[in-house]
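Examining the three-dimensional arrangement
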Number of protein chains: 2
Amino acid sequence: MAGIKDVAKMAGVGVGTVSRVINNSGYVAEATREKVEDVMKTLNYTPNELARNLYRKKTGIVAVLVPDSAHPFFAEFVRSVEMELYHRGYKTMICNTDKVKNSESEYLQMLRQRVVDGVITGVHSLEIAEYLDIERPIVALDRFIGNKIPVVSVDHKLGGRLAAEELIKAGCREIIQFQGSKSVQSPSQERHTEFERIINMHGITLHSVELGWNKFETPYYEEIVSRVFGEYSNTDGVFGADLLALEYMKVAQEQGKRIPEDLKVICYDGTFVTDVVSPPVTIIRQPIEQLAQESVRLIDHMINGKEYKKRMVEFTPELIRRKSTL
Amino acid sequence: MAGIKDVAKMAGVGVGTVSRVINNSGYVAEATREKVEDVMKTLNYTPNELARNLYRKKTGIVAVLVPDSAHPFFAEFVRSVEMELYHRGYKTMICNTDKVKNSESEYLQMLRQRVVDGVITGVHSLEIAEYLDIERPIVALDRFIGNKIPVVSVDHKLGGRLAAEELIKAGCREIIQFQGSKSVQSPSQERHTEFERIINMHGITLHSVELGWNKFETPYYEEIVSRVFGEYSNTDGVFGADLLALEYMKVAQEQGKRIPEDLKVICYDGTFVTDVVSPPVTIIRQPIEQLAQESVRLIDHMINGKEYKKRMVEFTPELIRRKSTL
């Protein structure tokens, strides 16, 4: 394979000149440029991307950090982010931070060292101190990290209200809600606070079950659901993230409960997994594609040194009523 | 931020010497090395990863190409690949090729240009010619691409046999199987051929429904299932990939069919989505984690110039019997 030196030699110019032609920078006489480009064609020379990026101080790579890229919410988010980044000329690096200590730090280090141009983080790490001294592009999904880092989120308070009102309207008297770990500073906590507030206001019994931090596995869901199912046997309504609410619904069905006659179910997120069950289940749908597109729009702006106005961009969730709450 | 020149100046050495210390290459006197390292600490100098990689002619990045990274099979595969690559010191770049023309070519170009050290491809592209002249590390998941590229796969023939025998044992007389597009050269086709062979041998009616190429969306599944459900109304057994078989089961349940009394169901892949339905569904489980780990082991070997012996590595699928075929 021909290298830059071969091109320089054959064109009778210095390596620096070839480099300026490749990077379209600095002064090169028009005749010289043409000559270099002809030689590049003749030798079938492909510039080394690494060298070009080093010169430009950009890599065109954005890292996306999520706890678990196979979790349906993050899987849909990552897919949309990747596609949007691709359309804007970036490549996507992913990292599952859930199982690996320090991987978040390592990616922040790569951001400092300009191996990546930006980071979109959906990680529920408990440590935010490390982010605060970084002046490079970061966008946070559903998570507060200091004052300088923009957050892309959903109006979870509205989401919680829609869910509460739906279960109240359906006549529930004793409700379970599964909620994320309170130790994480996330706007998504608001859905639980609001849900609780409205349910309590109506004098309905509510059991709020707090989950462990960063727990995204079927065996964990099975364990917690089976415990809770036994403990609160008069439950007639359940509200939780997709996989948890569906696990609860499955266990209830296996125990002979009829949906929706004996138990009403609402899933939060409304990813594709809620499409496979019978009866069709009511969801509060997060606009994941919009979250992804906005995250990418913001990171692209930051990488290109443009201003962004809002610290927090909030999208609207949607109630989609199906048989499980009729 | 301190640069390599600042380090060189303060240590009283040339930039080349600092570079040799950073990259741990070439000769540097021990006393000089210590001095340079001290200065690096004092100045809080972080070597530019881009420059280091350029020097090493490696980027430490492996690209993973899949049709749709949110499809549960690929989502689980990508997660395991990323974690295994991370443990081996690589970063993972992903690309969804399904919706974007030419993205596969672009990544192959990046492989040639050494922006990535290797490519693991699970893409069902119809074009393989472009792969044949590449001498760089490529591993194929479940797909034949010429003679030089190793394939990591599952014994799908066994998978097809296990499914057929299970439905025969359960007493099915009229079966639907959903199968991938025949235009793709993939070992996974063998499950359908073998399934068909055994079902036919037993004189059972079989409807094989061929899917469109690279179609992975719920609306498409809904459309094809609703058509097929109306067309073959005496069906008492169904075999298909997770989302399709579950969609069929859901439609059947909504029409009042009882599982397993009126309809037996087997899902192929056995990803996490099969865990959320009632009744629990029988699966042929692909060992996705093993597929991922072996793909990474192979690409790592190839990147490091080691020999690998087998052109095809095949893992064993497993029948997990649950209520849907009892």
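Residues numbered from 1 in each chain as written. Chains lettered and ligands numbered in written order. Predicted model: local features only at pLDDT ≥ 70, side-chain atom pairs only at ≥ 80, totals over all residues. Heavy atoms only, no water.

What follows covers the domain arrangement of chain A. Residue and element names in this part refer to chain A. Here chain A is partitioned into domain 1 (4-56), domain 2 (61-154 + 289-315) and domain 3 (156-287). Here domain 2 and domain 3 have C-alpha centroids that lie 28 Å from each other. Taken over both partners, the interface formed by domain 2 and domain 3 buries close to 1,900 Å², and the fraction arising from carbon and sulfur atoms is 60%. Between domain 2 and domain 3 we count 0 salt bridges in total. On inspection of domain 2 and its partner domain 3, the count reaches 7 residue pairs in polar contact (both at pLDDT 80 or more). At the level of secondary structure, the elements contributing two or more residues to the side of domain 2 that touches domain 3 comprise α5 (72-87), β5 (151-154), α12 (288-303) and β11 (312-315). Considering each element in turn, the side of domain 2 that touches domain 3 owes the most residues, 4 residues, to α5. (Domains from an automatic or database assignment. Buried area = accessible area lost by both parts, 1.4 Å probe. Salt bridge = Lys/Arg side-chain N within 4 Å of Asp/Glu carboxyl O. Polar contact = N/O pair within 3.5 Å; in protein donor to acceptor, adjacent residues only side chain to side chain. Helix = DSSP H or I, 4+ residues; strand = E, 2+ residues; numbered from the N terminus.)

Here we come to the pattern of salt bridges. This model, assessed by the stated rule, comprises 31 salt bridges over all chains. Measuring nitrogen to oxygen at the nearest pair gives 3.4 Å for the salt bridge that ties R88 of chain A to E84 of chain A. For E84 of chain A, a relative accessible area of 17% translates into the label buried. Linking E135 of chain B and K148 of chain B is a salt bridge whose minimum nitrogen-to-oxygen distance equals 3.4 Å. Of this pair, E135 of chain B sits in the loop between α7 (129-132) and β4 (138-141) while K148 of chain B sits in the loop between β4 and β5 (151-154), placing them 13 residues apart in sequence. Taken together, the salt bridges that share partners define one network made up of E84, R88 and D300 of chain A. (Buried < 20%, exposed > 50% of the residue type's maximum accessible area, 1.4 Å probe, protein only.)

Turning our eyes to something else, we now look at the interface of chain A and chain B. One frequent convention defines the size of an interface as the accessible area lost when the parts assemble. Of the residues lining the interface, 54 residues belong to chain A; the matching set on chain B comes to 56 residues. Summing the contributions of chain A and of chain B, the shared interface buries around 4,900 Å²; its carbon and sulfur component is 64%. At the junction of chain A with chain B, the criterion picks out 6 salt bridges. With a closest N to O distance of 3.4 Å, K323 of chain A and E254 of chain B form a salt bridge. At the junction of chain A with chain B, the criterion picks out 16 residue pairs in polar contact (both at pLDDT 80 or more). At the level of secondary structure, the elements contributing two or more residues to the side of chain A that touches chain B comprise α4 (49-56), α5, β2 (91-96), α6 (103-112) and α11 (242-254) of chain A. In terms of residue count, α5 of chain A provides more of the side of chain A that touches chain B than any other element does, 8 residues in total. As paired elements, β2 of chain A and strand β2 (residues 91-96) of chain B share 3 bridges and run antiparallel to each other. Its bridge partner lying in β2 of chain B, I94 of chain A is registered against T92 of chain B. (Contact = heavy atoms within 4.5 Å. Pairing = 2+ DSSP bridges.)

Counting residues in hydrophobic clusters, the biggest one holds 84 residues, and the most contacted among them are F77 and F195 of chain A together with F77 and F195 of chain B. In this structure, L244 of chain A together with V225, L244 and I320 of chain B belong to the second largest nonpolar core, which totals 60 residues. (Core = buried A, V, L, I, M, F, W, Y, C linked by side-chain atoms within 4.5 Å.)

Another aspect to go through is the packing of helix α10 (residues 218-231) of chain B against helix α11 (residues 242-254) of chain B. Geometry of a packed helix pair, given as the angle between the helix axes and the separation of the axes. Residue and element names in this part refer to chain B. Taken N-terminus to C-terminus, the directions of α10 and α11 make an angle of 55°; their axes are 10 Å apart at the nearest point. When the axis of α10 is compared with that of α11, the two are oblique. Two packed elements cross with a definite hand, and for α10 against α11 that hand is right-handed. Listed contacts from α11 to Y221, E222, I224, V225, V228 and F229 of α10 are L243, L244, E247, Y248, K250, V251 and A252. Of the residues contributing to the contact of α10 with α11, the split by class is 10 nonpolar, no polar and 3 charged. (Axes fitted to C-alpha atoms, helices over the stretch in contact; angles between N-to-C directions. Parallel < 35°, antiparallel > 145°, perpendicular 65-115°, else oblique. Left-handed = near helix turned anticlockwise from the far one by under 90°. Nonpolar A, V, L, I, M, F, W, Y, C, P; charged D, E, K, R; others polar.)

In this section: the relation of the copies chain A and chain B. When chain A is fitted to chain B, the best match, at an RMSD of 0.3 Å, comes from turning it 180° and sliding it 0.2 Å along the axis. Taken together, these values place the two copies in the relation of a two-fold axis. Measuring from the rotation axis to each C-alpha of chain A, the shortest distance belongs to M93 of chain A, at 2.0 Å. Take the interface residues of chain A: 100% of them recur as interface residues in chain B, which is what a same-surface contact looks like. (Least-squares fit on C-alpha atoms with pLDDT ≥ 70 in both.)

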